[in-house]
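# Descriptive structure summary
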Amino acid sequence: MKFSKMNYQRIQLDELRNEATQIMNQFEAAESGAEQFEIHKKYYALKDEVATTVIIARIRHDIDTADEFYNQENDYYDEILPEIKNLETTYLKKVFESPYRNELEEKIGKVAFTNMDLKFHSIDEKILPLMKQENALTSEYANLIAGAKIDWKGEELNLSLLRKYMTDSDRAVRAMACKKYEQFFQENGEELDRIYDELVKNRTEQARILGFENYIELGYNRFNRNCYRKEEVEAFRKQIKEYFVPFATKLHIKRQERLGLNELSFIDNDVYFKDGNPAPAGTPEEIMENGRKMYHELSKETKEFIDFMMENELFDVLGRKTKKAGGYMEFLPQYNAPFVFANFNGTSGDIDVITHEMGHALQGYISGKDPIREHADITMETAEIHSMSMEFFTEPWMSLFFDEQTEDYIQSHFESCAVFIPYGCMVDEFQHRVYEKPEMTPAQRHGVWAELEKAYRPHLSYKGYPYFEKGGFWQKQLHIYELPFYYIDYCIAQICAFQYKIWMDENYKEAWESYLHLCELSASDYFVNLVEEAGLENPFKEGIVKKMVGKLEEKLN
């Protein structure tokens, strides 16, 4: 079904409670594991209906944040989603404590029960008011960012549309665009600090009510970190600092020489060639049609998938003034339909959407056919392997988008993927430092960011951009506000994606078959087991980062 034709009707909380209560009563009255599993399927159906309804409302709100109707619906779900999560937890406790648990475990897997246990330690009726407030604050941040009005030579732009000029080949244009970008954050800095300060205090209070020392453990639980915790992440970041930061610095030095500069300024940070970054040729419609051709040729699975996506208009990718910033894939379970949201702005980032978000979408499309819904409860580092690896698997078709600039694009993409890893770890360490000391003032948080910039991005100068120089750049990172502790998943996944890059250059067919297998496995096992089952090395293993840097340096040379 086309997205525009999908029916939307607000969820009524009282009706949902009644239906959920009926399912719970039936579940408790069942006299065998087989009977309970049949009732569990009713839970699947109800959960799919709720998820699909909420996601339709969220997407339509994000498409136009000025739409009054969907603004109200967005606020409504900010208010009731904690109630819905608590209702789900009440049901899952009955599943967890079932006398027929062994039979249920055979059906839905051990991972599902581990995730249930994490969920039980993540929510309680006592914190529902705080969760509602947290949702309202994240929406406040999103609306503030989406509502940016930047005057660009008489044209009104938002932050997403301004990005095109921040990577312009003319350094003077970049400087002016970056100054306007910084100006927005400087003018809204106090408000952004207030929102974040309230979020940190809110999340910390939730954690303490639930018996945690701080929000870190609670944040890990909410992301289903079911086979690694803070200690493994800290060790991973240590490896990145020791081995990957020097490698990234070498790449920055090469880029600086290529650009003919004495130092790399903030205005040069996303520019890879003196005459500008490779830009995709053609209109957005032509880009999408070339995307269809690419996926038709890649495999029979991707052919079926892209036709389904395009025939059902499961995209909204054009940048607009009142559209939410960023890009994502959401999955509509009732329709087994992924939806890709993005903000095209005429840069190579438009192609990254067609590869990155479509990697997420393909995995959702494949795993959505699995009747065991728990298998779709994928952890984020696994999800990001699908997206980041797809960026590499589609490289043989980049000439469709970049013509004679194809090699430049592939080079800049390789470099940007590599230098992202230190930045992603910096975001993660920043959040750990913040939630370990939630009493920090906004100024102290800015100081922490400025300190981490020197450790993870020693190449970068913010001279001439005082707000960012003192440590304000983090306020542009929506994950810090909306999805705390998500960002490290990108880094873990990128190490795995680079393994696929090396593998596909040696044997593309074999690497692609492994990738499809990983998509099919979905969340049927723990992350560390999934990657090994797919033929990859565990990114947490001691020495893996050093090994990867060695292989990447060989490839670079």
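Above this text you will find the structure in question.
Right, let's walk through the structure included here.

The rules behind the values
- Residues numbered from 1 in each chain as written.
- Predicted model: local features only at pLDDT ≥ 70, side-chain atom pairs only at ≥ 80, totals over all residues.
- Heavy atoms only, no water.
- Pairing = 2+ DSSP bridges.
- Helix = DSSP H or I, 4+ residues; strand = E, 2+ residues; numbered from the N terminus.
- Axes fitted to C-alpha atoms, helices over the stretch in contact; angles between N-to-C directions.
- Contact = heavy atoms within 4.5 Å.
- Salt bridge = Lys/Arg side-chain N within 4 Å of Asp/Glu carboxyl O.
- Buried < 20%, exposed > 50% of the residue type's maximum accessible area, 1.4 Å probe, protein only.
- Polar contact = N/O pair within 3.5 Å; in protein donor to acceptor, adjacent residues only side chain to side chain.
- Expected span 1.5 Å × (residues − 1).
- Core = buried A, V, L, I, M, F, W, Y, C linked by side-chain atoms within 4.5 Å.
- Disulfide = S-S within 2.5 Å.
- Parallel < 35°, antiparallel > 145°, perpendicular 65-115°, else oblique.
- Left-handed = near helix turned anticlockwise from the far one by under 90°.
- Nonpolar A, V, L, I, M, F, W, Y, C, P; charged D, E, K, R; others polar.

## Examining the sheet that holds strand 4 (residues 315-318)
A sheet is described by the order of its strands in space; here three strands give the open sequence 4-6-5, paired in mixed fashion. Whereas interior strands pair on both sides, the edge strands pair on one side only; in this sheet they are strand 4 and strand 5 (328-332). Strand after strand, the sheet turns through a mean of 15° between neighbouring axes, direction not considered. As judged from the five bridges shared by strand 5 and strand 6 (residues 337-344), these two strands associate in the antiparallel manner. Considered in strand 6, the bridge of tyrosine 328 is made with phenylalanine 341. Sheet contacts for helix 14 (residues 349-367): strand 4, strand 5 and strand 6; angle to strand 6, the most-contacted strand, approximately 165°.

## Topic: the pattern of salt bridges
Where charged atoms from two side chains of opposite charge approach closely, those side chains can pair. By the definition in use, this model includes 49 salt bridges. Across the salt bridge formed by aspartate 14 and arginine 17, the nearest N and O atoms sit 3.0 Å from each other. Of this pair, aspartate 14 and arginine 17 both sit in helix 1 (residues 13-29), three residues apart, which is roughly one turn of the helix. We classify aspartate 14 as exposed; its relative accessible area is 53%. Relative accessible area serves as the criterion here: at 32%, arginine 17 is assigned to the partly exposed category. One salt bridge connects glutamate 134 with arginine 222, and the closest N-O pair in it is separated by 3.9 Å. In this pair, glutamate 134 sits in helix 6 (residues 128-146) while arginine 222 sits in helix 10 (residues 215-222), placing the two residues 88 residues apart along the sequence. Overlapping salt bridges bring together Arg237, Lys241, Asp428, Glu429, Arg433 and Glu451 as one network.

## What about the environment of lysine 201?
In this fold, lysine 201 is placed in helix 9 (residues 189-209). Assessed through its relative accessible area of 43%, lysine 201 is described here as partly exposed. Note: C-alpha distance between lysine 201 and glutamate 134 (67 residues apart in sequence) is 9.9 Å. Not counting the four nearest positions on each side in its chain, lysine 201 is found in contact with Pro438 and Arg445. Of the polar contacts made by the side chain of lysine 201, one reaches the side chain of aspartate 197; its length is 3.0 Å.

## What to know about the pairing of strand 5
Of all five residues making up strand 5, four are buried, and the element is well covered by its neighbours. Adjacent in sequence and paired antiparallel, strand 5 and strand 6 are bridged by four residues, among which asparagine 336 carries a positive phi angle near 45°.

## What to know about helix 15 (residues 380-393)
The first and last C-alpha atoms of helix 15 sit 20 Å apart over 14 residues, in line with the 20 Å expected at 1.5 Å per residue. With 13 of 14 residues buried, helix 15 is to be regarded as a mostly interior element.

## Description of unusual backbone geometry
Not every positive phi belongs to a glycine, and asparagine 224 is a case in point at roughly 50°. With respect to the helices and strands, asparagine 224 occurs in the loop between helix 10 and helix 11 (230-259). With phi around 50°, serine 522 is a residue other than glycine that occupies positive phi space. By the element assignment, serine 522 lies in the loop between helix 22 (508-521) and helix 23 (527-533).

## Examining the nonpolar core
Of all hydrophobic cores here, the largest spans 187 residues; its most connected members are Phe236, Phe244, Phe498 and Tyr500. Tallying contributions element by element places helix 17 (residues 406-436) first for this core, with 15 residues. Those residues in contact with phenylalanine 498 that lie beyond four places of it in its chain are Phe244, Phe392, Phe414, Cys417, Ala418, Ile421, Met548 and Leu552.

## Re helix 5 (residues 110-120)
Listed in full, the buried residues belonging to helix 5 are Val111, Ala112, Phe113, Asn115, Met116, Leu118 and Phe120. Packing partners of the buried residues in helix 5 comprise helix 3 (68-96), helix 4 (101-108) and helix 10.

## Quick word on the state of the cysteines
Applying the stated criterion across every chain, the model contains zero disulfides. Take cysteine 519: it sits in no disulfide, and the sulfur closest to it among the cysteines is that of cysteine 496, at 13 Å. Judged by its relative accessible area of 0%, cysteine 519 is buried.

## Considerations on the packing of helix 3 against helix 5
Direction vectors running N to C along helix 3 and helix 5 enclose 135°, while the axes themselves pass 10 Å from each other. With respect to each other, helix 3 and helix 5 are oriented oblique. Between helix 3 and helix 5 the crossing geometry is left-handed. Touching Glu88, Thr89, Leu92, Lys93, Val95 and Phe96 of helix 3 are Phe113, Met116, Asp117, Lys119 and Phe120, all from helix 5. Broken down by class, the residue content of the contact of helix 3 with helix 5 amounts to six nonpolar, one polar and four charged.

## Examining the environment of glutamate 79
Along the chain, the position of glutamate 79 falls in helix 3. Exposure remark for glutamate 79: the relative accessible area of 43% places this residue in the partly exposed category. Counting along the chain gives 211 residues from glutamate 79 to asparagine 290, while the straight-line C-alpha distance between them is 42 Å.

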